[in-house]
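Summary of the model geometry
Given next are the chains, with one letter for each unit.
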Amino acid sequence: MSLIYLDNNATTKVAPEVLDAMMPYFKEEYANPSSIYDFAKKSNHAVRDARVAIKDFVNASSEKEIIFTSCGSESANTAIRGVLNMNKNKRHIITSKVEHPCVLNLYQTLEKEGYKVDYIGVNSNGELDLAQLEQAISYDTALVSIMYANNETGVIFPIEKISEMIKSKNKETKFFVDGVQVAGKIPIDVQAAGIDLLGISGHKFHAPKGIGALYVNSKTLVTPLIIGGHQERGKRAGTENVPYIVGMAKAAELAIDSLKYELTEVKRLRDKLESGILKTVYNSRLNTAIANRVPNTTNIGFEYIEGELILLHLSDLGICASSGSACTSGSLEPSHVLRAMNVPFTAIHGSIRFSLSRYTTEREIDYVLDVLPGIIEKISSISPYQEELANLKRLRNL
Ligand code: PLP
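What counts and how
Residues numbered from 1 in each chain as written. Predicted model: local features only at pLDDT ≥ 70, side-chain atom pairs only at ≥ 80, totals over all residues. Heavy atoms only, no water. Near = heavy atom within 4 Å. Polar contact = N/O pair within 3.5 Å; in protein donor to acceptor, adjacent residues only side chain to side chain. Areas by Shrake-Rupley, 256 points an atom, 1.4 Å probe, with all protein chains shown as cover. Buried < 20%, exposed > 50% of the residue type's maximum accessible area, 1.4 Å probe, protein only. Helix = DSSP H or I, 4+ residues; strand = E, 2+ residues; numbered from the N terminus. Arc of directions from axis to C-beta. Contact = heavy atoms within 4.5 Å. 1 Å grid on protein atoms, 1.4 Å probe; cavity = no way out; pocket = protein on both sides within 12 Å on 5 of 7 lines; lining within 4 Å. Points joined across faces, edges and corners; volume = space filled by probe spheres on them. Nonpolar A, V, L, I, M, F, W, Y, C, P; charged D, E, K, R; others polar. Domains from an automatic or database assignment. Buried area = accessible area lost by both parts, 1.4 Å probe. Salt bridge = Lys/Arg side-chain N within 4 Å of Asp/Glu carboxyl O. Pairing = 2+ DSSP bridges. Axes fitted to C-alpha atoms, helices over the stretch in contact; angles between N-to-C directions. Patch = residues over 30% accessible without salt bridge, like charges linked within 9 Å, V, L, I, M, F, W, Y side chains within 5 Å. Phe/Tyr/Trp six-rings, centres within 6.5 Å; stacked < 30°, edge-to-face > 60°. Lys NZ or Arg CZ within 6 Å of the ring centre and 35° of its normal. Disulfide = S-S within 2.5 Å.

A separate point is the site of the ligand. Near the ligand lie 13 residues; those nearest to it are Gly 72, Ser 73, Asp 178, Ser 201 and Lys 204. Side-chain polar atom of Ser 73 to an oxygen atom of the ligand: 2.6 Å apart, as the coordinates give it. A distance of 3.1 Å is found between an oxygen atom of the ligand and a side-chain nitrogen or oxygen belonging to His 203. Relative to its free-state accessible area of 390 Å², the ligand is covered by the protein chains to the extent of 89%.

See the structure below:
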């Protein structure tokens, strides 16, 4: 079996149609879209059309609400810094303990700069503590940043409910949503969900790495992070990355077309993988239990063994998965997300994220289900926790 890529929350393969759509803008249509001669018309119109495609993707009310960025991290930084710069008199900000580092590390920086920060916790299923959030919002809260779905667990937060909660407590508080892990997996409707700002990243939905977008509703003002020319209506300087913008727009159109497939077929394969593992591997546990999740992600803890060893064995067979977000794997520190969920110490070091895509096949899932029990058995046999494993085996086999 060749490569089996089950790490689509880290990045995705570029869809062939996306690459085809991009190629003319490398080869023939390389004009700067801001130039006034005829030759620039095609690239100018391509950026204009792409902005409409992204507007439709998130259901914004106008394409003027879309800013092209270089990635999800830049979208988050622009949103957060941009909102705070426009509201300098408010000094309180809120986020969750399980955000991606592009939000969490920025919040820690802002804390050092004098902001009062509340970090909202999650329960053992990875679901946000809404009561804690409601209590934290005050007259002084400038911004709440909550991710739409978590990259490690796939757990979806109730964004519409959170927005209503924020607006009922303080109409002036802005709401930024890191939508990177929902784009292409569930429908996004920024208007229905009451979102002020939303960030997405192309490489999570089959566009290349290095392109993202930020939705900023017309009632929200932000300062630019990158200062220079007047591109992006003065919200983000720098000559537009035309081929990548075109590629992301094509990927968004494809994602809309395949949403139903994601919600049915990809979910079916994810559920098959998940229930198959839980049934055949006695020391496995579903870290999120019954929480509402995006259709492609499962996070499974294998008790009393090391996740890195599992990943290496899988890798030997051409299977790619992850033991945390791509940014944290590589260190043996358990992920901040699983720690915030209080995943028991017996499982936290052996937790693996499998994330599928519309390119994942049934044959691939069957193969993983075929080889994984043997891998876990082999690693368990050299674990220093033999007594605990034997007890677990007895308990679970009852
Ligand atoms: N937000 C979430 C939830 C993510 O999963 C990621 C990437 O893993 C990012 C933001 C950052 O996106 P980018 O890699 O495009 O900067």
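Okay, back to it.
All right, on to helix α6 (residues 159-169) then. For α6, the full list of buried residues reads Ile 159, Ile 162, Ser 163, Met 165 and Ile 166. In an axial view of α6, the angular spread of the buried residues amounts to 160 degrees, which keeps them on one side of the axis. Projecting away from the buried face of α6 at angles above 90 degrees are the exposed residues Lys 161, Glu 164 and Ser 168. Residues of α6 that are buried sit in contact with α5 (130-136), β5 (141-147) and β6 (174-178).

Now for empty space enclosed by the protein. Going through the model one piece at a time under the given rule, you end up with two cavities of 30 Å³ or more. Space inside the second largest cavity adds up to approximately 90 Å³. Lining the second largest cavity we find 13 residues, and of these Gly 184, Lys 185, Lys 204, His 206 and Glu 262 sit closest to its centre. Partitioning the lining of the second largest cavity into residue classes produces three nonpolar, six polar and four charged. Two domains each donate at least three residues to the lining of the second largest cavity, and these are domain 1 (4-9 + 259-397) and domain 2 (16-255).

This brings us to the domain arrangement of the protein chain. Here the protein chain is described as being made up of domain 1 (4-9 + 259-397) and domain 2 (16-255). On a C-alpha basis, the centres of domain 1 and domain 2 stand 30 Å from each other. Contact with domain 1, which involves 31 residues of that partner, is made by 31 residues of domain 2. For the pair domain 1 and domain 2, the two sides together bury roughly 2500 Å², of which 56% comes from carbon and sulfur. Where domain 1 packs against domain 2, one counts zero salt bridges. The interface formed by domain 1 and domain 2 holds eleven residue pairs in polar contact (both at pLDDT 80 or more) in total. Residue assignment for the side of domain 1 that touches domain 2 shows that the elements contributing at least two residues are α8 (259-280), β10 (297-302) and α10 (336-340). Of the residues forming the side of domain 1 that touches domain 2, the biggest block, four residues, is contributed by α10. Broken down by class, the residue content of the side of domain 1 that touches domain 2 amounts to 13 nonpolar, 14 polar and four charged.

In space, the three strands of this open sheet follow the order β9-β10-β12, with antiparallel pairing throughout. If you trace the sheet from one side to the other, it starts and ends with β9 (284-286) and β12 (351-355), each paired once. Within the sheet, the average angular offset between the axes of one strand and its neighbour, ignoring direction, is 30 degrees. Bridging between β10 and β12 involves five bridges; their strand directions are antiparallel.

Sheet architecture is open: seven strands sit in the order β2-β8-β7-β6-β5-β3-β4, paired in mixed fashion. Of all strands in the sheet, those with a lone pairing partner are β2 (66-69) and β4 (116-120), marking the two edges. Taken over all neighbouring pairs, the strand axes of this sheet differ in orientation by 15 degrees on average, direction set aside. Seen against the sheet, helix α4 (residues 101-112) touches β3 (92-96), β4, β5 and β6 and runs at an angle of roughly 150 degrees to β3.

So, on to the pairing of β2. Here is the key point about a regular strand: its side chains alternate between the two faces of the sheet. Burial of the side chains of β2 extends over both faces: Ile 66 and Phe 68 are buried on one face and Ile 67 and Thr 69 on the other. Pairing of β2 with strand β8 (residues 212-216) involves four bridges; the strand directions are antiparallel. The residue bridging Thr 69 from the neighbouring strand is Gly 212, located in β8.

This brings us to a nonpolar patch on the surface. Among the surface-exposed residues, Val 14, Leu 19, Met 23 and Phe 26 lie close enough to one another that they form a single nonpolar patch of about 310 Å² accessible area. Tracing the backbone through its elements, the reader meets Phe 26 in helix α1 (residues 16-27). A relative accessible area of 42% means that Phe 26 is categorised as partly exposed.

Enumeration according to the criterion identifies four aromatic pairs in this entry. Note on Phe 57 and Phe 205: the rings are 5.1 Å apart at their centroids and 40 degrees apart in plane angle, and the pair reads as tilted. With Phe 57 in helix α2 (residues 41-58) and Phe 205 in the loop between β7 (197-201) and β8, this residue pair connects regions lying 148 residues apart in the sequence. In this structure Phe 57 comes out as buried when scored by relative accessible area, which is 7%. A relative accessible area of 2% means that Phe 205 is categorised as buried. Measuring from ring centre to ring centre gives 5.3 Å for Tyr 304 and Tyr 385, while their planes differ by 40 degrees; the resulting arrangement is tilted. Taken together, the residues Tyr 304 in the loop between β10 and α9 (307-316) and Tyr 385 in the loop between α12 (362-380) and α13 (386-397) connect sequence positions 81 residues apart. Judged by its relative accessible area of 17%, Tyr 304 falls in the buried class. Just above the ring of Tyr 359 sits the side chain of Lys 13; from NZ or CZ to the centre is 4.4 Å. The ring centre of Tyr 115 lies 4.0 Å from the NZ or CZ of Arg 91, which sits over that ring.

So, about the state of the cysteines. Under the counting rule described, the total for this entry stands at zero disulfides. Not engaged in a disulfide, the cysteine Cys 71 finds its nearest cysteine sulfur in Cys 102; these two sulfurs lie 7.9 Å apart. A relative accessible area of 23% means that Cys 71 is categorised as partly exposed. You can call Cys 102 buried: its relative accessible area is 12%.

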